[in-house]
Amino acid sequence: MTAPSDIEALRARVRARPLPRHVAIIMDGNGRWAEARGLPRVAGHREGSASVRAVAREARAVGVEALTLYALSVQNLARPPHEVRALMELLAEFLESERREIMDNGIRLAAIGDLDRLPGAVRSRLDALCAESRGNRGMVLTLALSYDGREELAQAARRAARRLAPGDIDAAALEAELWTAGLPELDLMVRTSGERRISNFLLWQCAYAELAFVETLWPDFRERELLEVLADFQGRERRFGLTGAQVRGAVDP
Ligand code: FPP
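Residues numbered from 1 in each chain as written. Predicted model: local features only at pLDDT ≥ 70, side-chain atom pairs only at ≥ 80, totals over all residues. Heavy atoms only, no water.

(A) Quick peek at the pattern of salt bridges. One pass over the structure, following the stated rule, counts 29 salt bridges. Here Asp116 makes a salt bridge to Arg123, at a shortest N to O gap of 2.7 Å. Residue classification places Asp116 among the exposed positions, given a relative accessible area of 64%. A salt bridge links Arg248 to Glu237; its shortest N-O distance comes to 2.2 Å. Here the residue Arg248 occupies a position in the segment after helix H10 (244–247), and Glu237 occupies one in the loop between helix H9 (223–234) and H10, the gap between them amounting to 11 residues. (Salt bridge = Lys/Arg side-chain N within 4 Å of Asp/Glu carboxyl O. Buried < 20%, exposed > 50% of the residue type's maximum accessible area, 1.4 Å probe, protein only. Helix = DSSP H or I, 4+ residues; strand = E, 2+ residues; numbered from the N terminus.)

Below is the structure:
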């Protein structure tokens, strides 16, 4: 862990090396953060919203092209009604309070998942901000809401089957039907809170992504923690099935 004064140096180091173009984060540990403090779980989600702001801002500042955040799974919707209500309120609040920041920084907001399951008040704000920011050319911030990775694949298969003969449905055809079509290939998938699972998030897109599992609970994951995980990524060798010698450009014996 770096000292507070080192964050500028860390940022400069990260900026100087190739960045992951597309980073996805499973934001986990809000409940445990709150419980450890004797607070209601909702307090953890509130603090987690502050992490969303901080991490999105930092990702944009260093030059990540696409940030995809797992904000809500379909299964999360089965949590106690008061918790789901609080999450929806935080989301609506976020869409309101971040509107200026998103527009001023050229961020394009997008959402993936079964958006029809969101309450009307959230859906209308989400649709409005996605539409307003559509022409922005900075980082794409995608919120996965009421998201289900297997359902994304099933939907992609159904859509491909409507326009193609079975023999013509290949990987590229399926990929073109994913909710993430048009985003850069996923380079880095991060999960906070020490859990080591993908939990049905971006199943297809994970194919060659680097995985980073960090112990930090999401409400404590801020600028520094993002920079650390980016620096760790930059130290890895990605081989995409080739040998180390091949990717380093050496002659493979
Ligand atoms: C997982 O922690 C987190 C969630 C299910 C919700 C994530 C929501 C936010 C970060 C805030 C609102 C989102 C936005 C985009 C403003 P958990 O509750 O499963 O934690 P636990 O595993 O410790 O119980």
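(B) Region of interest: the site of the ligand. In the neighbourhood of the ligand, 17 residues make up the surrounding shell, with Asp28, Gly31, Arg32, Arg41 and Arg79 lying closest. Within the contact set of the ligand, an oxygen atom lies 3.0 Å away from a backbone nitrogen or oxygen of Gly31. In the model, an oxygen atom of the ligand is placed 2.7 Å from a nitrogen or oxygen of the Arg32 main chain. Its free accessible area being 620 Å², the ligand has 91% of it covered by the protein chains. Of all the cavities here, the one that holds the ligand is the largest pocket. Going through the elements one at a time, helix H2 (30–35), helix H3 (41–62) and helix H4 (81–97) are the ones with two or more residues in the shell around the ligand. Examining the composition of the shell around the ligand, we find that 4 residues originate from one element, H3, more than from any other. Along the lines of polarity and charge, the residues of the shell around the ligand split into 6 nonpolar, 7 polar and 4 charged. (Near = heavy atom within 4 Å. Polar contact = N/O pair within 3.5 Å; in protein donor to acceptor, adjacent residues only side chain to side chain. Areas by Shrake-Rupley, 256 points an atom, 1.4 Å probe, with all protein chains shown as cover. 1 Å grid on protein atoms, 1.4 Å probe; cavity = no way out; pocket = protein on both sides within 12 Å on 5 of 7 lines; lining within 4 Å. Sits in = over half its atoms within 2 Å of the grid points. Nonpolar A, V, L, I, M, F, W, Y, C, P; charged D, E, K, R; others polar.)

(C) How the structure looks around empty space enclosed by the protein. For the structure shown, the criterion picks out 1 cavity of 30 Å³ or more. Along its surface, the largest cavity is lined by Arg53, Ala56, Arg57, Phe94, Glu98, Glu101, Ile102, Ile107 and Leu141. Those elements that provide at least two residues to the lining of the largest cavity are H3 and helix H5 (99–104). The greatest single-element share of the lining of the largest cavity, amounting to 3 residues, is contributed by H3. Looking at side-chain class alone, the lining of the largest cavity contains 5 nonpolar, no polar and 4 charged residues. (Points joined across faces, edges and corners; volume = space filled by probe spheres on them.)

(D) Layout of the sheet that holds strand E2 (residues 66–70). The strand order across the open sheet formed by 6 strands is E3-E4-E2-E1-E5-E6, and the pairing between neighbours is parallel. A single partner strand is all that each edge strand has here, and the edge strands are strand E3 (108–112) and strand E6 (210–213). Each strand axis lies, on average, 20° off the axis of its neighbour in the sheet, ignoring direction. The sheet contact formed by strand E1 (residues 22–26) and strand E5 (residues 188–191) spans 4 bridges and is parallel. Bridged to Val23 within E5 is Leu188. (Pairing = 2+ DSSP bridges. Axes fitted to C-alpha atoms, helices over the stretch in contact; angles between N-to-C directions.)

(E) Structural context of the packing of aromatic side chains. Under the definition given, this model contains 6 aromatic pairs. Relative to Tyr147, the ring of Tyr70 lies with its centre 5.7 Å away and its plane at 90°, an arrangement referred to as edge-to-face. Here Tyr70 is found in strand E2, whereas its partner Tyr147 is found in the loop between strand E4 (140–144) and helix H7 (149–163), with 77 residues between them in sequence. On the basis of relative accessibility, which here comes to 9%, the residue Tyr70 falls in the buried class. (Phe/Tyr/Trp six-rings, centres within 6.5 Å; stacked < 30°, edge-to-face > 60°.)

(F) Local environment of H9. Spanning 12 residues, H9 covers 17 Å between terminal C-alpha atoms, matching the ideal 16 Å at 1.5 Å per step. Among the 12 residues in H9, 9 count as buried, and that is most of the element. Taken together, the buried positions of H9 are occupied by Arg224, Glu225, Leu226, Leu227, Val229, Leu230, Ala231, Phe233 and Gln234. If you follow the buried residues of H9, they end up packed against helix H1 (7–15), E1, H3, E5 and E6. (Expected span 1.5 Å × (residues − 1). Contact = heavy atoms within 4.5 Å.)

(G) Molecular detail of the packing of H3 against H4. The contact between H3 and H4 brings their axes to 10 Å, and the two run at 25°. The orientation of H3 relative to H4 falls into the category roughly parallel. For the pair H3 and H4, the crossing hand works out as right-handed. Residue-level contacts link Arg41, Val42, His45, Arg46, Ser49, Val52 and Arg53 of H3 to Glu83, Ala86, Leu87, Leu90, Glu93, Phe94 and Ser97 of H4. When its residues are assigned to classes, the contact of H3 with H4 shows 6 nonpolar, 3 polar and 5 charged. (Parallel < 35°, antiparallel > 145°, perpendicular 65-115°, else oblique. Left-handed = near helix turned anticlockwise from the far one by under 90°.)

(H) Examining unusual backbone geometry more closely. In this structure, Ser193 takes a positive phi of about 85° despite not being glycine. Looking at the secondary structure, you find Ser193 in the loop between E5 and E6. Among the residues examined, Ser193 registers a relative accessible area of 7% and is labelled buried.

Everything listed here is a matter of coordinates, which is why it stays silent on function.
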